[in-house]
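Chain by chain, the residues run as shown.
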Amino acid sequence: MSAVMITRKVRKWEKLPGKNTFCCDGRVMMARQKGVFYLTLFLIVGTCSLFFAFECPYLAVHLSPTIPVFAVLLFLFVIAMLLRTSFSDPGVLPRALPEEASFIEMEIEAANGNVPAGQRPPPRIRNVQINNQIVKLKYCYTCKIFRPPRASHCSICDNCVDRFDHHCPWVGNCVGKRNYRYFYLFTMSLSLLTIYIFTFDIVHVVMRSVDNGFLNTLKETPGSVLEVLVCFFTLWSVVGLTGFHTYLISLNQTTNEDIKGSWSGKNRVQNPYSHKNILKNCCEVLCGPAYPSVLDRRGLMQEDSSASATSAAPPGSSMSSSNSMSSSTAPPTMKTTAPLIPNEHTPEDVKPSLGASEQKSPSPKEQRPPTPKLPPLASPETDAEASITKDKTH
Amino acid sequence: MATEFHNLQELRHSASLANKVFIQRDYSEGTTCKFQTKFPSELESRIERTLFEDTVKTLNNYYAEAEKIGGQSYLEGCLACATAYLIFLCMETRYEKVLKKIGKYIQEQNEKIYAPRGLLITDPIERGMRVIEISIYEDRGSSGSSSGSSSVSGSTAR
């Protein structure tokens, strides 16, 4: 009767919106632009190779064999931390499915009451009280959710990231809740490695010069000059960065909050997340639990839900059949379809029926009518300013 | 008659999805994972308030246990750091262990309490830990919405 269709098993990462690239069948998740990351890798590996080739044999013999051994361990740690930061999910929040989005719309509509025609509806903000401090949660037009506290939308990756710190081009990924400690350990160990190589380069050149003369030393080990140059310039930026992040960690702040001046003290606002104790803050950030990824990248897409395989692929694990059933029977019988209410912040072409558009379009910007292509971030003012500040960071 | 389902299979075959309720996060204590225990009005005729609150409170306790910062989390963190986090390739983190417990708990709650009342809880991790999604089902055979509170008392006898 019907032709046999051989359907390839599709994993959820293939259908995730946003501008990430995935490798190794969804195990690796990075930003789209990876050029600077390759540069970082090249600089680290290149400089260390030169160190192992030129300095280590001499130092092992004339000083101590532990010097190269420690250098190798430090180098491996740096690479492990770099790869861990670059390849892991920073804490991306999946976009709201149509039902959740329309539920939120209805709540907003109810909260705003009747807005007379011609008047602007109020901006979409939800106030929550955290530790006796009022925090405003902003609505994300791209992800259709009210962002949790400390989350922010990264315009480069087009995702909302939990505890968003910044987007780092050097690691080719966002830095957020899940990979902040790896990022910090990366900068710290890289500082140590840079100082270590710089120091022993100088020691080596001095020791050799005493025997052979300075110019002969440079001729014998030309790599040293290159290493010293790279280390010298790297030192300032990386050590400075480590110091800055140590300061942020001790105050339990993110780079994003620091740049925006969220807790700068004006209007008597204080950081509600800080424990007011440096040690406690450090422990929470560095020794806190290892948060799991809520994007089920390697889960399989439901085969029977090709019609309802909408938008942000529901990050469902195979934990219970009941859950998978609920996600696949969802859309067709939904009663509540509140239309998107345009207000001053709504981007121009995202006007009509949110709930009706359930077809998955091939482009990452789903649920938009095929009118002029919208830039990845909608117009809300804080997103625009945040994207500018993010681009400036590092 | 009112919606009465004896198991999840029956729910799947004879019910159609009527509505969904989303229980939002409670941020009053910070960014730790906690859900509001406020009883939504849509569920008033479907389930007792105490059962619902018990479920949400138990879930909150599980999440608090997973995110607790204390001796065990320090030990796990330091050990992992010493091995350059390679240990996570073979070992399951404490959070993941608790998530599995949560998955089992939700399945058990669905089977015992929610499915007989025509409701279904979706594990929050499938919604990005933002909401607890409760799906409300209507019996396909019945016309219109379910009739009031008689279903609640009738369906628990097992």
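Rules of the game
- Residues numbered from 1 in each chain as written.
- Chains lettered and ligands numbered in written order.
- Predicted model: local features only at pLDDT ≥ 70, side-chain atom pairs only at ≥ 80, totals over all residues.
- Heavy atoms only, no water.
- Helix = DSSP H or I, 4+ residues; strand = E, 2+ residues; numbered from the N terminus.
- Buried < 20%, exposed > 50% of the residue type's maximum accessible area, 1.4 Å probe, protein only.
- Contact = heavy atoms within 4.5 Å.
- Areas by Shrake-Rupley, 256 points an atom, 1.4 Å probe, with all protein chains shown as cover.
- Salt bridge = Lys/Arg side-chain N within 4 Å of Asp/Glu carboxyl O.
- UniProt positions renumbered as here; feature names shortened; annotations may be inferred.
- Pairing = 2+ DSSP bridges.
- Expected span 1.5 Å × (residues − 1).
- Axes fitted to C-alpha atoms, helices over the stretch in contact; angles between N-to-C directions.
- Left-handed = near helix turned anticlockwise from the far one by under 90°.
- Nonpolar A, V, L, I, M, F, W, Y, C, P; charged D, E, K, R; others polar.
- pLDDT = per-residue confidence, 0-100.
- Disulfide = S-S within 2.5 Å.

Colleague: Which parts of the structure should I look at to understand the overall build of chain A?
Modeller: Regarding its fold elements, chain A presents 10 helices and 10 strands. Across the 394 residues that make up chain A, the buried fraction comes to 52%.

Colleague: I tried to follow the overall build of chain B on my own but got confused; where do I start?
Modeller: Scanning chain B from terminus to terminus reveals 5 helices and 3 strands. The N-to-C order of helical and strand elements in chain B reads α-β-α-α-α-β-β-α. Expressed as a percentage of its 158 residues, the buried residues of chain B come to 53%. In chain B, the proportion of contacts linking residues at least 24 apart, taken out of those at least 6 apart, comes to 64%. Counting every atom, chain B has about 7,100 Å² of accessible surface; 53% of that belongs to carbon and sulfur.

Colleague: Would you take a moment to explain the pattern of salt bridges for this structure?
Modeller: Two side chains that carry opposite charge are able to pair once their charged atoms sit near each other. Evaluated as defined, the whole model comprises 20 salt bridges over all chains. We note a salt bridge from D158 of chain A to R95 of chain A, for which the minimum N-O separation is 3.2 Å. Linking D158 of chain A in the loop between β7 (152-154) and β8 (159-161) with R95 of chain A in the loop between β3 (92-93) and α3 (98-112), this pair joins segments that are 63 residues apart in sequence. By relative accessible area, D158 of chain A is classed as buried at 1%. Judged by its relative accessible area of 6%, R95 of chain A is buried. One salt bridge in this structure joins R150 of chain A and E257 of chain A, with 3.0 Å as the shortest N-O distance. Placement of R150 of chain A in the loop between β6 (145-146) and β7 and of E257 of chain A in helix α7 (residues 255-260) is noted, with a sequence separation of 107 residues between them. No difference in accessibility class separates R150 of chain A from E257 of chain A, as the two residues are buried. Among the charged side chains, a network of salt bridges with common partners joins E99 of chain A together with K20, R127 and E133 of chain B.

Colleague: What should I look at first to understand the UniProt feature "domain: Golgin subfamily A member 7/ERF4" (unreviewed entry) in chain B in this one?
Modeller: When the UniProt feature table is mapped onto this chain, "domain: Golgin subfamily A member 7/ERF4" (unreviewed entry) is found at residues 21-133 of chain B. Taken end to end, residues 21-133 of chain B is 45% helix and 8% strand, and its two terminal C-alpha atoms sit 6 Å from one another.

Colleague: What exactly am I supposed to notice about the sheet that holds β7 of chain A here?
Modeller: Strand pairs in the sheet, formed through backbone hydrogen bonds, run parallel or antiparallel to each other. Residues and elements named next belong to chain A. If you walk across this open sheet you meet the 3 strands as β3-β8-β7, and the pairing is antiparallel. The open sheet is flanked by β3 and β7, the only strands paired with a single partner. Bridge count for β3 against β8 is 2 bridges, and the pairing is antiparallel. Looking at β8, one finds that V92 is bridged to V161.

Colleague: When you look at helix α2 (residues 66-87) of chain A in this model, what are you seeing that I'm missing?
Modeller: For α2 of chain A, spanning 22 residues, the distance from its first C-alpha to its last is 31 Å, which sits close to the expected 32 Å at 1.5 Å a residue. Regarding α2 of chain A, the residues found buried are I67, P68, A71, L74, F75, F77, V78, I79, M81, L82, T85 and S86 of chain A. Where α2 of chain A is buried, its residues contact β2 (28-30), α1 (35-62), β10 (173-175) and α4 (180-212) of chain A together with α3 (71-82) of chain B.

Colleague: Sorry if this is basic, but what is going on with the packing of α4 of chain A against helix α6 (residues 223-251) of chain A here?
Modeller: Pairs of packed helices are described in terms of their axes, by the angle between the two and the distance that separates them. Residues and elements named next belong to chain A. One way to put it is that α4 packs onto α6 with a least axis distance of 8 Å and a crossing angle of 145 degrees. For the crossing formed where α4 meets α6, the hand is left-handed. Across the contact of α4 with α6, the residue classes break down as 18 nonpolar, 9 polar and 2 charged.

Colleague: I tried to follow the UniProt feature "domain: Palmitoyltransferase DHHC" (unreviewed entry) in chain A on my own but got confused; where do I start?
Modeller: With numbering aligned to this structure, UniProt lists the feature "domain: Palmitoyltransferase DHHC" (unreviewed entry) at residues 136-260 of chain A. Here residues 136-260 of chain A is 60% helix and 15% strand, with 14 Å between the C-alpha atoms at its ends.

Colleague: Teacher, can you tell me more about the UniProt feature "transmembrane region" (unreviewed entry) in chain A here?
Modeller: Residue and element names in this part refer to chain A. Mapped onto the present numbering, the UniProt feature "transmembrane region" (unreviewed entry) falls on residues 36-54, 66-83, 182-206 and 226-250. Between the C-alpha atoms that bound residues 66-83 there is a distance of 26 Å. The span itself is 100% helix and 0% strand. The span residues 226-250 shows a helical share of 100% and a strand share of 0%, and its end C-alpha atoms are spaced 36 Å apart.

Colleague: What is the right way to read α1 of chain A from this model?
Modeller: For an α-helix, the turn length of 3.6 residues means that residues three or four places apart are oriented alike. Its 28 residues place the ends of α1 of chain A 40 Å apart at the C-alpha level, agreeing with the 40 Å of an ideal helix rising 1.5 Å per residue. Regarding α1 of chain A, the residues found buried are F37, T40, I44, T47, C48, F51, E55, C56, Y58 and L59 of chain A.

Colleague: Hey, could you run me through the pairing of strand β2 (residues 119-122) of chain B in this one?
Modeller: Across a regular strand the side chains alternate sides, sitting on one face of the sheet and then on the other. All names here are of chain B. Alternating residues of β2 divide into L119 and I121 and L120 and T122, and every residue in both groups is buried. Of the pairings in the sheet, the one linking β2 to strand β3 (residues 132-139) comprises 4 bridges and is antiparallel in character. Looking across to β3, one finds that L119 is bridged to I136.

Colleague: Even after reading the chapter, I still don't get the confidence of the model for chain A, so can you show me in this structure?
Modeller: Note: predicted coordinates in regions of low pLDDT should not be interpreted at a detailed level. Residues and elements named next belong to chain A. Within chain A, residue pLDDT values average 78, and 75% of them lie at 70 or more. Least confident of the elements in chain A is helix α9 (residues 321-328), whose mean pLDDT is 42; most confident is strand β9 (residues 166-168), at 95. Throughout residues 305-346 the model reports pLDDT below 50, and contacts reaching past four residues in sequence, or to other chains, amount to 118 contacts. Confidence over residues 349-394 falls short of pLDDT 50; this stretch has 85 contacts with residues more than four positions distant or in other chains.

Colleague: Teacher, can you tell me more about the state of the cysteines here?
Modeller: As used here, a disulfide is simply a covalent bond connecting the sulfur atoms of two cysteines. Inspection of the entire model under this criterion finds 0 disulfides over all chains. C157 of chain A takes part in no disulfide bond, and the closest cysteine sulfur, belonging to C174 of chain A, lies 3.4 Å away.

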